[in-house]
Amino acid sequence: MIRLERRAVPAAKLSYVTPVIAVVLTMVFGGALFAALGKDPIAAIRTIFYEPLFGEFSFYYRPQLLVKATPLLLIALGLAMGFRAGIWNIGAEGQYIVGAICGAAVALAFYPLDSRIVFVLAVLAGMVGGALWAMIPAFLKLRFGTNEILVSLMLVYVAENLLAAMALGPLKNPEGLGFPGSRNLTQYEAANSWIAQDLGLHWGGVAAAVAVVVIFVLMGWHVLGFQIRVSGESPRAARFAGVRPQVLVVFCMAASGMLAGVAGYFEVSGPSGQISIDFNSGYGFTAIIVAFLGRLHPIGILLASFLMALTYIGGEIAQNQLGLPAAAIQAFQGMLLFFILGLDVFTNYRLKLIQRGVA
Amino acid sequence: MMVFGIDPIVLIASLMAASTPILLAAIGELVVEKTGVLNLGVEGMMITGAVCGFIVTMETGSPGAGFVAAAVGSALLSLIFAVLTQVFLANQVATGLALTLFGLGLSALMGQSYVGLKSPSFPAVNFGPLADIPVVGPILFNHDPMVYVALFTVVGVWAVLRYSRLGLILRAVGENHDAAHALGYKVVRIRILAIMFGGACAGMGGAYLSLVRVHQWVEGMTAGAGWIALAIVVFASWRAGRVLLGAYLFGGVTLLQLNLQAAGSNFPVQYLSMSPYLITILVLVLMSAGRRRNALHAPGSLGRVFHASS
């Protein structure tokens, strides 16, 4: 009989290897799933993982990698801090949308003023908007003890409806011939976030790089990082160490909301270009996987965001070339998360063979 | 008699039908949470049930077979969650989210060739003369079988949890898994079975959407119903009777919102569509305000990993 025995200290080496094993297992089982549904598994896996990097049109897809990884990285970095402390902000998608709306609203309010200050103000508005949206579940949790998972999630659906209302109403392009959606922010030089479009680089990429370093230092060396880690691992010990949980809830929710919100503004003033009914492509949810795939560590998340970006682009190619539905990539991403979570057990526990009847 | 241009009898009857998907999903999740497991994958199990039920109904022509398939399909899907959280001791919150993502993707893949087809109708149960009783007849005796299945499930869960030995064991496992283990109950096995029951219920709820409410398969058609079911369990403070109340309340809000839209209210549609979610938050606040976790009747071991050291 096989039993699990808790390790005294988590196996550090294994925690680096397990994400790789999870990716391999996902390819194998994902391929089996495609085969079961009558699609060529080799072609599907090749299209998703190989084509964007080394295929015929990789010159086009490679910059896309950075474009997709940027918002995932920004959002996941913030979420990971909360997850480490046991604060579950699941509504990053909503904070991302509201940040985009606030940033775009500020930028459009100054249209057609030609000054780079507009961009700075819009970025700040995106940060504030996302953070405030995240403060709703944080406030309700602290004041009334409501569950932040459910509230932040419900607010995603509220934000999606708000987005539709904005795209059709107040933020609609007055010169848009009645089509829904705002003015194109990339054509408004003062609000444009692109740095080098042919490389896929916009200011969000710069912000994400800064965030990786800041959070790396914060989590490793700052007392706040220590408090976050100790709260997640042992809430009781955290209380003895003088951690005030309220402060952590506010900090983690506000920080993750701020990062998601600013990611939203960079997206609408760059790759997406405008506020439209469906500019958000589920980055807020995928970022949760990115956070776990990266083991809630800033450097891990950096790598994970590119891998997940790869599945996004691969998924789009598979949609066009193999006729897979757009949502199929979610099955793939869900599976990846299954394997990561399942394999996690081996970093905290070891397998032990026990013979029955022998005490 | 008409109130605001809406016949109240018709409204109550349609409310019972509209609430059935979230009622089924919520009562299943209630049992899961009673055993101390928080499965956030309800949305994924519902949508998988919706597609399984639709496919089997289209292939066999029988909605009854469709509902059975939905229950089986979603129970199998929930087994992934059960194994990961109970055997591999994975984090329940993250695994539940993964289940939702996986379910949404898998259902889209499975249902790809069924988009745009129309499912056969699911006739109401024939109660003979009972259906002709004024007021009571149209409200109680003019529904399809699943409405009654859902109601019987609620009554059954209530009775089992309250009066039976099985209910006592389920509650013991959820309140204190270490104590239950020390008493010799198979905590892991009981939880896995409860999770599968929850999966089957959510699957039937999802199939009710595709087979009765919409008569079509649409990608992502559950649109947050699974999350509302989770909220209802909290709203009900883990009591079966209040789950029924909660489900009807949310069904009512959704219906009212649709009626207002149809009546041509010149208020932008999007703000009305927000209302069920906002009201969910409001209710959560009202239920949680000024109470401690114990007073809410949350199972003591809810969401905690169980690892038997001996």
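The structure this text deals with has already been given above.
Residues numbered from 1 in each chain as written. Chains lettered and ligands numbered in written order. Predicted model: local features only at pLDDT ≥ 70, side-chain atom pairs only at ≥ 80, totals over all residues. Heavy atoms only, no water.

Another point: the overall build of chain B. For chain B, the count of helices and strands is twelve helices and zero strands. Each helix and strand of chain B, ordered N terminal to C terminal, gives the series α-α-α-α-α-α-α-α-α-α-α-α. The C-alpha radius of gyration computed for chain B amounts to 20 Å, which stays within 12% of the reference 19 Å derived for 310 residues, consistent with globular compactness. By its C-alpha atoms, chain B is 65 × 45 × 45 Å across when sized along the principal axes. (Helix = DSSP H or I, 4+ residues; strand = E, 2+ residues; numbered from the N terminus. Rg over C-alpha atoms; globule rule 2.2 N^0.38 Å.)

Another point: the packing of helix α2 (residues 41-49) of chain A against helix α13 (residues 298-322) of chain A. When two helices pack together, you describe them by how their axes are tilted relative to each other and by the distance separating the axes. All names here are of chain A. Two numbers describe how α2 lies on α13: the axes approach to 6 Å, and their chain directions differ by 130°. Classified by the interaxial angle, the pair formed by α2 and α13 is oblique. The chirality of how α2 crosses α13 is right-handed. Contact residues: Ala43, Ala44, Thr47, Ile48 and Phe49 in α2; Leu307, Leu310, Thr311, Gly314, Gly315, Ile317, Ala318, Gln321 and Leu322 in α13. When the residues that make up the contact of α2 with α13 are grouped by side-chain class, the tally is nine nonpolar, five polar and no charged. (Axes fitted to C-alpha atoms, helices over the stretch in contact; angles between N-to-C directions. Parallel < 35°, antiparallel > 145°, perpendicular 65-115°, else oblique. Left-handed = near helix turned anticlockwise from the far one by under 90°. Contact = heavy atoms within 4.5 Å. Nonpolar A, V, L, I, M, F, W, Y, C, P; charged D, E, K, R; others polar.)

Turning next to the packing of aromatic side chains. Applying the stated criterion across every chain yields a total of 21 aromatic pairs over all chains. Between the aromatic rings of Tyr96 of chain A and Tyr283 of chain A, the centroid separation amounts to 6.0 Å while the plane-to-plane angle is 90°, which identifies the pairing as edge-to-face. Linking Tyr96 of chain A in helix α5 (residues 92-110) with Tyr283 of chain A in helix α12 (residues 283-293), this pair joins segments that are 187 residues apart in sequence. Note on Tyr96 of chain A: relative accessible area 0%, which makes it buried. Taking 6.3 Å as the distance between ring centres and 80° as the angle between the ring planes, the aromatic pair formed by Phe346 of chain A and Phe88 of chain B counts as edge-to-face. Separated into two different chains, Phe346 of chain A in helix α15 (residues 345-348) and Phe88 of chain B in the loop between α3 (63-87) and α4 (92-110) make up a pair that spans both. Judged by relative accessible area, Phe346 of chain A falls into the partly exposed class, the value being 23%. Here a set of aromatic residues connected by ring pairs shows up, and it is made of Tyr96, Phe279, Tyr283 and Tyr312 of chain A. (Phe/Tyr/Trp six-rings, centres within 6.5 Å; stacked < 30°, edge-to-face > 60°. Buried < 20%, exposed > 50% of the residue type's maximum accessible area, 1.4 Å probe, protein only.)

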